Amino acid sequence: MHKFYLLTATAKKLLSYLLKAAILVLAFVYIYHRINNNENLKQFEILIAHIGRNQAVITLSLLFLLMLANWLLESLKWKYVTRELTKITTWQAIEAVFCGLTWAIFTPNRLGEYGGRVMFLPNRKRIHGVFAMAVGSFGQNVITNVLGLIALIWFAFTFHPINNLAAIGLSVLAIAFMVFLLVFYFNIGWLVTLLNRVSFLEKYHRFFDIMGKYKTGELLRIMWFCLSRFFVFSFQYYLVIHLLMPDMPIFPMMMMVFILFFIQSALPSLDLIDVGVRSMTASAFFIYITDQKIAVMAAVSSIWFINLIIPAILGSVFVLKLRFFDRAA
């Protein structure tokens, strides 16, 4: 029996190493392929070559620091939403978030981000962790959708004049949807009630319950983390667009950025293909305020590289710390 246990433990250890190696190989193959074939990044290099060196270095340094601030906020939010499950340090939360970004880079709609994060939780808390993360993600989507809809209303009224009746109808629908999202978020326990009524999900009810444990004050604090993140990466877009197109007015620029976030959140995608979706969406809307299509696509690609590719590379270090067969309580 003891020999069998040792063989099993050895097999699990070998399988764990193989899984880690597979994750790293997949991540770096995808990253290399997309960077090597990304014309927009090459255009970004060409464009900043014609800008003052000091200005470019300062802007890129700020973008990098804001990227760290963005994912630090997400780490603090992750630490907060999981406090009902287990106590983790800020550094453990950072490890989990960056590891999740490495997984996300090659999985559809960033689903791997869930797996990467929860693997840092105790074994029996990992499925609960998925639903805790869903609450944080929902909060981020609420912010993105509300501000994105406001920007879309502005866009419709500014560039596609419509009659009064259509304007009223569009505004009412948008406001109704925004109110629905906010009400549903602050009453997320309703979702738990609905899921608990589905008979074939009965054995999973104990996992859903974590979503119903967040009180209004806690949900509000999670929302503040989400709002802070939103403005951090919005400011990143402002900096890089202002670097490449300094004459672009700030207000319409930011409205277009909010629309970009809104559409991006609504489209299922693979992170590495997502850069093409982002670039095409941005160029389709920014054409209303600028004719510098190449500069817009280059700006979007640079943010994609800084916010997702660099963190995914950094996160590869933490993949090595994963415990796939941890039996901790």
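Cut-offs applied
- Residues numbered from 1 in each chain as written.
- Predicted model: local features only at pLDDT ≥ 70, side-chain atom pairs only at ≥ 80, totals over all residues.
- Heavy atoms only, no water.
- pLDDT = per-residue confidence, 0-100.
- Contact = heavy atoms within 4.5 Å.
- Patch = residues over 30% accessible without salt bridge, like charges linked within 9 Å, V, L, I, M, F, W, Y side chains within 5 Å.
- Areas by Shrake-Rupley, 256 points an atom, 1.4 Å probe, with all protein chains shown as cover.
- Salt bridge = Lys/Arg side-chain N within 4 Å of Asp/Glu carboxyl O.
- Helix = DSSP H or I, 4+ residues; strand = E, 2+ residues; numbered from the N terminus.
- Phe/Tyr/Trp six-rings, centres within 6.5 Å; stacked < 30°, edge-to-face > 60°.
- Buried < 20%, exposed > 50% of the residue type's maximum accessible area, 1.4 Å probe, protein only.
- Core = buried A, V, L, I, M, F, W, Y, C linked by side-chain atoms within 4.5 Å.
- Axes fitted to C-alpha atoms, helices over the stretch in contact; angles between N-to-C directions.
- Parallel < 35°, antiparallel > 145°, perpendicular 65-115°, else oblique.
- Left-handed = near helix turned anticlockwise from the far one by under 90°.
- Expected span 1.5 Å × (residues − 1).
- Nonpolar A, V, L, I, M, F, W, Y, C, P; charged D, E, K, R; others polar.

J.: Describe in detail the confidence of the model for the protein chain, supporting the description with residues and values.
T.: In the predicted model, the protein chain carries a mean pLDDT of 83, and 87% of its residues have values of at least 70. Across residues 1-5, confidence stays below pLDDT 50; counting only partners more than four residues off in sequence or on other chains, it has zero contacts.

J.: Describe in detail a nonpolar patch on the surface, supporting the description with residues and values.
T.: On the surface, Ile58, Leu62, Phe64, Leu65, Leu68 and Leu314 cluster together to form a nonpolar patch covering roughly 500 Å² of accessible area. In terms of residue count, the dominant contributor to the nonpolar patch is helix α3 (residues 53-81) (five residues). Relative to the helices and strands, Leu62 is located in helix α3.

J.: I'd like a rundown of the packing of aromatic side chains, residues and numbers included.
T.: Per the counting criterion, the structure on display carries 20 aromatic pairs. Relative to Phe184, the ring of Phe138 has its centre 6.0 Å away and its plane inclined at 75 degrees; by these criteria the two rings are edge-to-face. Remark: Phe184 occurs in helix α7 (residues 164-185) and Phe138 occurs in helix α6 (residues 126-159); sequence separation between them is 46 residues. Looking at Phe184, the relative accessible area reads 18%, which means it is buried. Taken together, a centroid distance of 5.1 Å and an interplanar angle of 55 degrees make the contact between Phe230 and Phe258 tilted.

J.: Kindly report on the nonpolar core, identifying the contributing residues and their values.
T.: Formed by 102 residues in total, the largest nonpolar core has its most connected members in Trp78, Ile222, Ile241, Leu244, Phe258 and Phe286. By residue number, the principal contributor to this core is helix α10 (residues 216-244), which donates 15 residues. Residues within four places of Ile241 in sequence aside, it is in contact with Pro246, Met248, Met253, Val257, Phe286 and Ala299.

J.: I'd like to hear about the pattern of salt bridges, residue by residue, with values.
T.: Under the definition given, this model contains five salt bridges. Between Glu74 and Lys77 there is a salt bridge, with the nearest N and O atoms lying 3.1 Å from each other. Of this pair, Glu74 and Lys77 both sit in helix α3, three residues apart, roughly one helical turn. Considered together, Glu74 and Lys77 belong to a single accessibility category, that of buried residues. Between Arg117 and Glu74 there is a salt bridge, with its nearest N and O atoms 2.8 Å apart. Residue Arg117 is located in helix α5 (residues 112-118), and its partner Glu74 is located in helix α3; the two are separated by 43 residues in the primary sequence.

J.: Tell me about the packing of α3 against α10, and name the residues and values.
T.: How two helices sit against one another is set out by the angle between their axes and by the gap between those axes. Interhelical geometry of α3 versus α10 gives an angle of 165 degrees and a closest axis separation of 10 Å. The angle between the axes of α3 and α10 places the two elements in the roughly antiparallel class. The chirality of how α3 crosses α10 is left-handed.

J.: Could you give an account of the side chain of Asn70, with specific residues and numbers?
T.: Note that Asn70 resides in helix α3. Setting aside residues up to four positions removed in sequence, Asn70 forms contacts with Arg229, Val232, Phe233 and Asn307.

J.: Before we move on, could you go through helix α4 (residues 90-104) and cite the residues and values that matter?
T.: In an α-helix, one turn spans 3.6 residues, which is why side chains three or four residues apart end up on the same side. An ideal rise of 1.5 Å per residue puts 21 Å on 15 residues; α4 measures up with 21 Å between its terminal C-alpha atoms. Buried within α4 we find Ala93, Ile94, Glu95, Ala96, Val97, Phe98, Cys99, Gly100, Leu101, Thr102, Trp103 and Ala104.

J.: Describe the packing of α10 against helix α11 (residues 250-266), listing the residues and the values that go with them.
T.: It is at 10 Å that the axes of α10 and α11 come closest, and there the two elements cross at 125 degrees. Here α11 runs oblique to α10, going by the angle between their axes. Viewed along their axes, α10 and α11 form a crossing whose handedness is right-handed. Side by side, α10 and α11 meet where Phe230, Phe233, Ser234, Tyr237, Tyr238, Ile241 and His242 of the first sit next to Ile250, Met253, Met254, Val257, Phe258, Leu260 and Phe261 of the second. Per-class residue counts for the contact of α10 with α11 are 12 nonpolar, two polar and no charged.

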